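# Observations on chain architecture
Next come the chains, spelled out residue by residue.
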Number of protein chains: 2
Amino acid sequence: MGEFSKEVNATFDSEFVKAMLNLKYTANYITTLNNKELEPHQISIAQYNILRILRGAKKPIPMKLVKKRMIEKSPNTTRLTDKLCDKELIERVRCEEDRRAVYVSITPKGLKLLSKIVFKEMPTRMQYLTKDELVLLNSLLDKIRD
Amino acid sequence: MGEFSKEVNATFDSEFVKAMLNLKYTANYITTLNNKELEPHQISIAQYNILRILRGAKKPIPMKLVKKRMIEKSPNTTRLTDKLCDKELIERVRCEEDRRAVYVSITPKGLKLLSKIVFKEMPTRMQYLTKDELVLLNSLLDKIRD
DNA sequence: TGTTTTTATTTACCTTGGTAAATAAATGAA
DNA sequence: TTCATTTATTTACCAAGGTAAATAAAAACA
């Protein structure tokens, strides 16, 4: 019995370690795939996400909100928006009511770029999972993080 | 019908995008958690993995194999072993039969460190998933990568 | 045997992203 | 009002990790 529960634990442990490695490896795999597809458009997947957030917002939103929607650390949000500003894909305006805040919005050039981007690799891979499986995956991942 | 399938697709798409973000976020979350726990031991989770691989091997193994077992890019394996060598946790020996190859092994100091490391945070979180759920998670992740 | 190709590892260089401190403005309390 | 605290963002600095080229030795082959 002691021996048996040890055995069960060992299996659980190895399945857990495997899941952790698998998780990191898959996440990395997806990021690489995304970035490879975005390379011709000269933006990273993180920058692409910001553009999508701003298109979705339909109006200027504070950095604070961009950061929150990206689940990113602030310094990184600043750096990413810096790059998008340089490329004139987004615009930054200091808020007049609260001069600490900065509002960000997507430019027509940014919208045009977004409309040109179509992921080809991903939809192919996506077909390997059904919607139900995706829902399941999401619930398992949520569980890991509480 | 056209409208309905569009609806289904939209849901699938959003579930997919959610899964991708979830995956990256969870992977990052785990790495951060791991590194925080390893901080008192002055090693990163990547370095910890190398030590475990070397302990498991029970004898000196070529860099090539370490790299393969870590699913890491070569330059990174070199850098990580550099750091472990500096701390005298592992040893590197140039192979005499094939002088291109370098063999790596764990030192007594490395083994001692490994034996001291006990993850506390992880087992708690682990309890949120059953072994069956972990198996399921692994199979879903495998599917994404083919 | 001499030359080309392949293999194993490392170095150089660069980008990304993390932490902590700096800045600057708003809020709250004495 | 004035000073301490909180909030929003940025800057400075550092570590991790990726690509491509360098090195060096083995294998293949003409």
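Here's a quick rundown of the structure.

Quick notes on the rules
- Residues numbered from 1 in each chain as written.
- Chains lettered and ligands numbered in written order.
- Predicted model: local features only at pLDDT ≥ 70, side-chain atom pairs only at ≥ 80, totals over all residues.
- Heavy atoms only, no water.
- Helix = DSSP H or I, 4+ residues; strand = E, 2+ residues; numbered from the N terminus.
- Buried < 20%, exposed > 50% of the residue type's maximum accessible area, 1.4 Å probe, protein only.
- Contact = heavy atoms within 4.5 Å.
- Areas by Shrake-Rupley, 256 points an atom, 1.4 Å probe, with all protein chains shown as cover.
- Near = heavy atom within 4 Å.
- Polar contact = N/O pair within 3.5 Å; in protein donor to acceptor, adjacent residues only side chain to side chain.
- Nonpolar A, V, L, I, M, F, W, Y, C, P; charged D, E, K, R; others polar.
- Buried area = accessible area lost by both parts, 1.4 Å probe.
- Salt bridge = Lys/Arg side-chain N within 4 Å of Asp/Glu carboxyl O.
- Pairing = 2+ DSSP bridges.

## Quick notes on the overall build of chain A
The secondary structure content of chain A amounts to 7 helices and 3 strands. Residues classed as buried in chain A amount to 39% of the 146 residues present. Restricting the contact set of chain A to residue pairs at least 6 apart, pairs at least 24 apart contribute 53%. Surface accessibility of chain A: about 9000 Å² in total, with carbon and sulfur atoms responsible for 55%.

## Looking at the protein's contact with DNA strand D
Lining the immediate surroundings of DNA strand D are 20 residues, of which Lys-64, Thr-78 and Arg-100 of chain A together with Arg-79 and Lys-83 of chain B lie closest. Atoms of DNA strand D within 4 Å of the protein belong to the sugar or the phosphate in 66% of instances, the rest to bases. Residue Thr-78 of chain A places a side-chain N or O atom 2.8 Å away from a phosphate oxygen belonging to DNA strand D. At 3.4 Å, a side-chain N or O of Asn-76 of chain B approaches a phosphate oxygen of DNA strand D. If you list the elements that add at least two residues to the surface near DNA strand D, you get α3 (63–70) and α4 (74–86) of chain A together with α4 (74–86) of chain B. Grouping the amino acids of the surface near DNA strand D by side-chain chemistry returns 5 nonpolar, 4 polar and 11 charged.

## Side note on unusual backbone geometry
Even without a glycine there, the phi angle at Lys-58 of chain A is positive, about 65°. Structurally, Lys-58 of chain A is set in the loop between α2 (45–57) and β1 (61–62). Here the phi dihedral of Gln-42 of chain B falls at roughly 60°; this positive angle occurs in a residue that is not glycine. When its relative accessible area of 62% is taken as the criterion, Gln-42 of chain B is described as exposed.

## A look at the interface of chain A and chain B
Listed as interface residues are 42 residues of chain A and, on the opposing side, 42 residues of chain B. For the pair chain A and chain B, the summed buried area comes to about 4600 Å², and 71% of that belongs to carbon and sulfur atoms. Our count for the contact surface shared by chain A and chain B stands at 2 salt bridges. Linking chain A with chain B are 12 residue pairs in polar contact (both at pLDDT 80 or more), by the criterion used here. If you list the elements that add at least two residues to the side of chain A that touches chain B, you get α1 (2–38), α2, α6 (121–126) and α7 (131–144) of chain A. Here the side of chain A that touches chain B gets 19 residues from one element, more than from any other, and that element is α1 of chain A. Here the side of chain A that touches chain B is composed, by residue class, of 23 nonpolar, 8 polar and 11 charged.

## Here we look at the environment of Lys-58 of chain B
We classify Lys-58 of chain B as exposed; its relative accessible area is 75%. Residues Lys-58 of chain B and Ile-106 of chain B lie 48 residues apart in sequence; the distance between their C-alpha atoms is 8.4 Å.

## Section: the sheet that holds strand β2 (residues 90–94) of chain A
All names here are of chain A. The 3 strands lie next to each other as β1-β3-β2, forming an open sheet whose pairing is antiparallel. Strands with a single pairing partner mark the edges of an open sheet, and in this sheet they are β1 and β2. Alignment of β2 against strand β3 (residues 102–106), held across 5 bridges, turns out to be antiparallel. Within the sheet, the bridge partner assigned to Glu-91 lies in β3 and is Ser-105.

So yeah, pure geometry; function would need other evidence.
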